[in-house]
Amino acid sequence: MLPLYITWNPSQYLLPIGSAGIRWYGMCWLLGLALGYFMMKWLYKKHKYSSEKFDPLFLYVFISVLLGARLGHCLFYEPEYFLTSWDHIIEMIIPIRHLYNGEWKFVGYQGLASHGGVIGLLVGLYLYIKRYRMKTWVVLDFFGICSSITACFIRIGNLMNSEIIGKVTNVPWAFIFIKVDNKPRHPGQLYEAIAYLLFFGIIYFIYRRNPKKVGTGLFFGLCLFLIFVFRFFIEYTKELQVAFEAGLPMDMGQILSIPLILLGAWAIWRSKGKEIKIGS
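Residues numbered from 1 in each chain as written. Predicted model: local features only at pLDDT ≥ 70, side-chain atom pairs only at ≥ 80, totals over all residues. Heavy atoms only, no water.

## What about the pattern of salt bridges?
Heads up, the condition is: Whenever Lys or Arg places a side-chain nitrogen within 4 Å of a carboxyl oxygen from Asp or Glu, that contact is recorded as a salt bridge. Every helix listed is a DSSP run of H or I at least four residues long, and every strand listed is a run of E at least two residues long, numbered separately from the N terminus. Remark: exposure states derive from per-residue accessible area (1.4 Å probe, protein chains only) relative to the maximum for the residue type, with buried under 20%, exposed over 50%, and partly exposed in between.
This structure, assessed with the given rule, holds 6 salt bridges. Note that Glu 192 and Arg 155 form a salt bridge whose closest N and O atoms lie 3.1 Å from each other. Separated by 37 residues along the polypeptide, Glu 192 in helix α8 (residues 188–209) and Arg 155 in helix α7 (residues 136–160) bring together distant segments of the chain. When sorted by exposure, Glu 192 lands in the same class as Arg 155, which is buried. Of the charged contacts in the structure, one is a salt bridge between Glu 239 and Arg 185, with a shortest N-O distance of 2.7 Å. Of the two residues, Glu 239 is situated in the loop between α9 (218–234) and α10 (252–270) and Arg 185 in strand β7 (residues 184–185); the sequence distance between them amounts to 54 residues. Taking relative accessible area as the criterion, Glu 239 reaches 32% and is therefore assigned partly exposed.

Shown next as structure tokens:
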């Protein structure tokens, strides 16, 4: 079989505007968040929760996921850079970089870790649940139903950015990332995007057949378990993100996936035999 390698070199801009423009990556994030937002709104309404309780949720989620993903990247993958000076600590929070000539330059958030985003999300949801007196497992299950579709679009954004690349391979569907090198590589971002879309379909199908399981932890558990089991094994097709991972028995993505897999499995187990009446 002749290889069908795909040469991958898209513009980083969906809509160029002068020397800048609207980036594919940002648009993918926006689409993923928008789909999650409207589906979450539909779930609140369907399960008879007021719009007053739903309206503040997006702000809690957006801020907590962004901060968690950013801090996760800095602390898990580049602590030797970000924890060595006050300038670098500032760069963790504010999307600027201190250049060698002493100037500060806006660079955007170059580095977001999905595991950190999940941790940030859980912290943000804890604060939201306490403030608005929502039921913890209801909110977590709502996110379990919605989150995979958002994750799918984020990975498409990574593909458009030619980042989080796979290992060199000879599989016929390999991508040649021109911005990286001219070697055929596993399109790991595409593998994840397809898997997360599939997981969304599975979880939504189970929800439609068992809406009374919302509030038991089943959908939250399924989301974590499916995504991070897949994430654990897909790491074998990816290049290491930072050099120090070469000295570890597993890469950082795998290490961080294990507690989330266990949390997901526990949530599924605790949901067994439970049902919650809608609106209760």
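The discussion continues.
## Here's the deal with the UniProt feature "transmembrane region" (unreviewed entry) in the chain
Going by this rule: UniProt positions are given in the numbering used here, feature names are shortened, and annotations may be inferred rather than shown by experiment.
According to UniProt, the feature "transmembrane region" (unreviewed entry) maps to residues 24–44, 56–78, 107–129, 136–156, 190–207, 214–234 and 246–269 in the numbering used here. Between the C-alpha atoms that bound residues 136–156 the distance is 30 Å, and the span itself is 100% helix and 0% strand. Counted over residues 246–269, helix gives 75% and strand 0%. Its end C-alpha atoms are 35 Å apart.

## Regarding a nonpolar patch on the surface
Condition: Grouping into patches uses exposed residues only, defined as over 30% relative accessible area, and leaves out salt-bridged ones; the cut-off is 9 Å for like charges and 5 Å for nonpolar side chains (Val, Leu, Ile, Met, Phe, Trp, Tyr). Per-residue and other accessible areas follow the Shrake-Rupley method at a 1.4 Å probe size, with only the shown protein chains counted as cover for residues.
A contiguous nonpolar patch, built from Phe 58, Leu 59, Phe 62, Ile 63, Leu 67, Ile 90, Ile 93 and Ile 94 and spanning about 670 Å² of accessible area, is present on the exposed surface. Mapped by element, the contributors of at least two residues to the nonpolar patch are α3 (57–77) and α5 (86–93). Here the nonpolar patch takes 5 residues from α3, the largest share from any one element. Looking at the secondary structure, you find Ile 93 in helix α5. Residue Ile 93 is classed as partly exposed on the basis of its relative accessible area of 40%.

## Considering the nonpolar core
Let me state the cut-off plainly: Take the buried residues of types Ala, Val, Leu, Ile, Met, Phe, Trp, Tyr and Cys, join any two whose side-chain atoms come within 4.5 Å, and each joined set is a nonpolar core. Source of the domain bounds: an automatic or database domain assignment. Only heavy atoms matter for contacts: two residues are in contact if any of them lie within 4.5 Å across the pair.
Tyr 44, Leu 57 and Leu 125 are the most contacted members of the largest nonpolar core, which totals 51 residues. Residue assignment for this core shows that the elements contributing at least two residues are α1 (24–46), α3, α6 (114–132), α7, α8, α9 and α10. Looking at this core, the element that brings in the most residues is α7, giving 13 residues. For this core, the two domains that each supply at least three residues are domain 1 (1–48 + 140–279) and domain 2 (49–134). With residues near it in sequence (within four places) discarded, Leu 125 still touches Leu 57, Val 61, Val 139, Leu 140 and Phe 143. Judged by nonpolar contacts, the second largest core, of 6 residues, contains Trp 8, Leu 159, Met 160 and Phe 175.

## A closer look at the domain arrangement of the chain
Note: interface size is frequently given as the accessible area lost on complex formation between the parts. Quick note on the threshold: Once two parts are joined, some of their accessible surface, as seen by a 1.4 Å probe, is lost; buried area is that loss totalled over both. Definition of a polar contact: a pair of N or O atoms within 3.5 Å, with one able to donate and the other able to accept a hydrogen when the atoms are protein atoms, and with sequence-neighbouring residues admitted only if both atoms are side-chain atoms. The classification used treats Ala, Val, Leu, Ile, Met, Phe, Trp, Tyr, Cys and Pro as nonpolar, Asp, Glu, Lys and Arg as charged, and all other residues, Gly among them, as polar.
Here the chain is partitioned into domain 1 (1–48 + 140–279) and domain 2 (49–134). The gap between the C-alpha centroids of domain 1 and domain 2 is 18 Å. Listed as interface residues are 28 residues of domain 1 and, on the opposing side, 21 residues of domain 2. Summed over both sides, the interface of domain 1 with domain 2 buries roughly 2,100 Å², with 79% coming from carbon and sulfur. Contact with domain 2 buries surface across domain 1, with Tyr 44, Phe 143 and Leu 256 losing the most and accounting together for 29% of the total. Inspection of the domain 1/domain 2 interface yields 0 salt bridges. Summed over the shared surface of domain 1 and domain 2, the result is 3 residue pairs in polar contact (both at pLDDT 80 or more). Among the secondary structure elements, those contributing two or more residues to the side of domain 1 that touches domain 2 are α1, α7, α9 and α10. Sorting elements by how many residues they give to the side of domain 1 that touches domain 2 places α1 first, with 8 residues. Considering only residue class, the side of domain 1 that touches domain 2 consists of 18 nonpolar, 4 polar and 6 charged.

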